[in-house]
Amino acid sequence: MAEYALRLIEQLNPGDRPDEDEEMAEDEPLVEVEDLGDDELRSRELEVSLREDIVFEHNRVVGRMIKALKQEDGITRVIREDREVLLVATASWSITRLREWVAGYLTENVRD
């Protein structure tokens, strides 16, 4: 339990270990997309997982990205299932296309 508390405190004070946090962010991809398959009620869904630092530091950009994605042809619904997870309903977009669109949007709009 003490180890858990220490890890939690370290997460609340990210300035104490900037090198480790930067390494973790560089190792993790900006975005991952998984095909969840077809659902009778919701059609085909793709799950988009965003890197934690992007969501935490640029939440407004992510919100604008969701609105923009909803306007794209072939996207029928976007739901923010969790802070870092989006469910995207589409019959025509591939995993690669969605991953490239999301990564491109974030790259263009996130300013360090």
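A brief look at the structure comes next. Fair warning: this is a prediction, and the values are worked out from it, not measured in the lab.

1. A short note on the environment of Leu50
- Inspection of the secondary structure assignment puts Leu50 in strand β2 (residues 43-50).
- A relative accessible area of 2% places Leu50 in the buried class.
- Along the sequence, Leu50 and Val85 sit 35 residues apart, while their C-alpha atoms lie 6.4 Å from each other.
- Residue contacts for Leu50: discarding those within four places in its chain leaves Leu30, Val31, Val55, Val62, Met65, Glu84, Leu86, Val102 and Leu106.

2. As for helix α4 (residues 59-70)
- With twelve residues, α4 should reach 16 Å at 1.5 Å per residue; the first-to-last C-alpha distance of 17 Å fits that figure.
- By the burial criterion, the buried members of α4 are Val61, Val62, Met65, Ile66 and Leu69. Angularly, the buried residues of α4 cover 145 degrees about the axis, an arc narrow enough to put them on a single face. Opposite the packed face of α4, turned more than 90 degrees from it, sit the exposed residues Arg60 and Lys67.
- Looking at the packing, one finds that the buried side of α4 touches β2, α3 (52-57), β3 (75-80), β4 (85-90) and α5 (95-109).

Calculation criteria
Residues numbered from 1 in each chain as written. Predicted model: local features only at pLDDT ≥ 70, side-chain atom pairs only at ≥ 80, totals over all residues. Heavy atoms only, no water. Helix = DSSP H or I, 4+ residues; strand = E, 2+ residues; numbered from the N terminus. Buried < 20%, exposed > 50% of the residue type's maximum accessible area, 1.4 Å probe, protein only. Contact = heavy atoms within 4.5 Å. Expected span 1.5 Å × (residues − 1). Arc of directions from axis to C-beta.

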